[in-house]
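Tertiary structure, described
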Amino acid sequence: MFILADDLGYGDLECYGHPQFKTPNLNRMAAEGARLTQFNVPVPYCAPSRATLLTGRYPWRHGVWFNPAPDGKQFRSGVGIADSEVLLSELLKENGYATLCVGKWHLGHDPQFYPTRHGFDDYLGILYSNDMRPVNLIKGEKVIEYPVIQANLTKRYTQRAVEFIRENQQKPFFLYLPHAMPHKPLAASEDFYKKSGAGLYGDVIAELDWSVGEIFKTLKDLKLDENTFVIFASDNGPWFGGNTAGLSGMKSTSWEGGLRVPMIARWPGKIPPRQVIETVCGSIDVFPTILKQAGIKVPEDRVIDGKDLFPVLTKQAPTQHEALFSMKGNSLFTVRSGPWKLHIKPSPRQLLANQGKDWIDPRGPDGVTIIAPYEQAMPDQPPGLLTGDKPVPMMLFNLEEDPAEQHNVAQAHPEVVARLQKLFEEMQTQVPESIRNFGQQPGKKKSSPKNY
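Summary of the structure given here. Bear in mind the structure is a predicted one, so any value in this text is a computation, not a measurement. (Residues numbered from 1 in each chain as written. Predicted model: local features only at pLDDT ≥ 70, side-chain atom pairs only at ≥ 80, totals over all residues. Heavy atoms only, no water.)

Attention shifts here to the packing of helix 1 (residues 24-31) against helix 6 (residues 199-221). Relative orientation of the contacting elements helix 1 and helix 6 amounts to 55°, with a least axis distance of 7 Å. By the criterion of interaxial angle, the relationship of helix 1 to helix 6 is oblique. Across the interface between the two elements, Pro24, Asn25, Leu26 and Met29 of helix 1 pack against Asp209, Trp210, Val212, Gly213 and Phe216 of helix 6. Tallied by class, residues from the contact of helix 1 with helix 6 come to 6 nonpolar, 2 polar and 1 charged. (Axes fitted to C-alpha atoms, helices over the stretch in contact; angles between N-to-C directions. Helix = DSSP H or I, 4+ residues; strand = E, 2+ residues; numbered from the N terminus. Parallel < 35°, antiparallel > 145°, perpendicular 65-115°, else oblique. Contact = heavy atoms within 4.5 Å. Nonpolar A, V, L, I, M, F, W, Y, C, P; charged D, E, K, R; others polar.)

Bringing the pattern of salt bridges into the picture now. Using the criterion set out here, one finds 28 salt bridges in the structure. Here glutamate 145 ties to arginine 156 by a salt bridge, and the two come within 2.5 Å at their closest N and O atoms. Of the two residues, glutamate 145 sits in strand 6 (residues 142-145) while arginine 156 sits in helix 5 (residues 153-167), which places them 11 residues apart along the sequence. Look at glutamate 145 and you get buried, because its relative accessible area is 18%. Taking relative accessible area as the criterion, arginine 156 reaches 27% and is therefore assigned partly exposed. The partner of aspartate 225 in a salt bridge is arginine 266, with the nearest N and O atoms 2.8 Å apart. Residue aspartate 225 is found in the loop between helix 6 and strand 8 (230-234), and its partner arginine 266 is found in strand 9 (residues 260-266); the two are separated by 41 residues along the sequence. With respect to class, aspartate 225 is no different from arginine 266; both count as buried. (Salt bridge = Lys/Arg side-chain N within 4 Å of Asp/Glu carboxyl O. Buried < 20%, exposed > 50% of the residue type's maximum accessible area, 1.4 Å probe, protein only.)

With that out of the way, let us pick up the side chain of lysine 341. Structurally, lysine 341 is set in strand 14 (residues 340-343). Among the polar contacts listed, one links the side chain of lysine 341 to the side chain of glutamate 256, at a separation of 2.8 Å. (Polar contact = N/O pair within 3.5 Å; in protein donor to acceptor, adjacent residues only side chain to side chain.)

What follows covers helix 10 (residues 414-428). Between the first and last C-alpha of helix 10 there are 20 Å, a value that for 15 residues agrees with the 21 Å anticipated at 1.5 Å per step. Taken together, the buried positions of helix 10 are occupied by Val416, Val417, Leu420, Leu423, Phe424 and Met427. The arc that holds every buried residue of helix 10, seen down its axis, measures 130°, which confines them to one face. Seen from the buried face of helix 10, the exposed residues on the opposite side, beyond 90 degrees, are Pro414 and Lys422. Check the buried side of helix 10 and you find it contacts helix 3 (59-62), strand 12 (324-328), strand 13 (331-337), strand 14 and strand 15 (395-398). (Expected span 1.5 Å × (residues − 1). Arc of directions from axis to C-beta.)

Leu175 and Ile215 are the most contacted members of the largest nonpolar core, which totals 107 residues. Residue contributions to this core peak at 10 residues, all from helix 6. Residue contacts for leucine 175: discarding those within four places in its chain leaves Met1, Phe2, Leu100, Val102, Ala161, Phe164, Ile165 and Ile215. Ala323, Val335, Ile344 and Val417 belong to the second-largest nonpolar core, a separate cluster that totals 29 residues. (Core = buried A, V, L, I, M, F, W, Y, C linked by side-chain atoms within 4.5 Å.)

Time to look at the packing of aromatic side chains. Overall, the coordinates contain 20 aromatic pairs when judged by the stated rule. A ring pair is formed by tyrosine 10 and tyrosine 16, whose centres lie 5.1 Å apart and whose planes are at 70°; its orientation type is edge-to-face. The residues tyrosine 10 and tyrosine 16 share a single accessibility class, namely buried. Taking 6.2 Å as the distance between ring centres and 25° as the angle between the ring planes, the aromatic pair formed by phenylalanine 120 and phenylalanine 174 counts as stacked. Placement of phenylalanine 120 in the loop between strand 3 (98-102) and strand 4 (122-125) and of phenylalanine 174 in strand 7 (residues 173-178) is noted, with a sequence separation of 54 residues between them. The exposure class assigned to phenylalanine 174 is buried, which follows from its relative accessible area of 2%. A network of ring pairs unites the aromatic residues Trp65, Phe66, Phe75 and Phe438 as a single cluster. It is lysine 184 that lies over the ring of tryptophan 239; its NZ or CZ is 5.6 Å from the centre. Here the guanidinium or amino end of arginine 349 rests over the ring plane of tryptophan 255, the centre of that ring lying 3.8 Å away. (Phe/Tyr/Trp six-rings, centres within 6.5 Å; stacked < 30°, edge-to-face > 60°. Lys NZ or Arg CZ within 6 Å of the ring centre and 35° of its normal.)

Judged by how many residues are buried, strand 12 sits mostly within the fold: 5 of 5 residues are covered. By the alternation rule, side chains of strand 12 split into Leu324, Ser326 and Lys328 and Phe325 and Met327, which are all buried. Here 5 bridges tie strand 12 to strand 13, and the two strands are oriented antiparallel to one another. Each bridged residue has a counterpart across the sheet, and for lysine 328 the counterpart in strand 13 is serine 331. Between the end of strand 12 and the start of strand 13, which pair antiparallel, lie 2 residues, with glycine 329 showing a positive phi angle near 60°. (Pairing = 2+ DSSP bridges.)

Next comes the structure, spelled out in structure tokens:
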């Protein structure tokens, strides 16, 4: 089972140090399992990160390196996960698992890309981000609600997830629960709205935590608790109002605040409790990890970038990755190897830096097409540190000594820069030219899409 929050920051949970948000169920999950402190995603925004999770492959291999958006200027239609890609859901279904996706899909919103065409028996959710118009709620392959009352999303998704577990308690099942929250617009049900004492964001986090609690309560009631492997994580760093626990940057930036996310894994009797694991790993590792525990062979006809995480979760084994890479737009941006991180290209520490609390979000709630509370977090609430050396190409940071990426030490360690640059160049050769040259016209500067 994989529970995925949307835009949840590294510091947005109480067990990761948030001073106000209360997350008792996730705290308990961490106490009964493993909490990872160096879990990375390959892209600091939604769709590519999700496709990597389900394929074990970097975005330049699985092809979803952008955000499909029905109201966007690019990637409006005809784009999504290719039939040639093998998804975790497809392999599990082929091996007798009941499969369900509840929540945000974002691997394509045309019929050929629907979850039900890629290994899921059923689907309930919004096919893309909850701020992209039209905000349609889909059941299976049919629209069942428009416009969506977003305050009900977390509760409805949880109810369907619990129903699925009860329906399939006598057989193996795979539940993929990619929640809408805390992606903007933030919304919480009446049971949680204005109840946390920590603002709307705090209300949303409290309801997400409740959802996790309902899942575990169901597993225990059905005596499935010790036979269910559960992972909780986020797809990328936070938007405004979130918290990075002192890391630099935010969603859509290549700083740690955009790429490092919370990850908790629990399986009583198999994953030892009360672990805090510092091994460097990432969402690319989920695919082979789940397959191995299900006794299913990892595909050998393609490059699988992920490694089996179970030795890390059970014995705190060292990383199997010589390096982890990140991408933004159609370019590789960073290389992480051990404690070292090289920013090949510069990235801003904050989006909308010249905006404040009066910023008008073109995808904000309007009470008609997007129905959610009007009091959304604004750019005057940056989630990560804004200080540090000015962004330039080829910045090097030692994340053990400087996790907030404040001091560029490239000049002091030219040998490390050279080693990581070589790793970058080797991986760059594996990025298809069609991606590297996207948007490039003769005589014009190459452009890449913005992904928020």
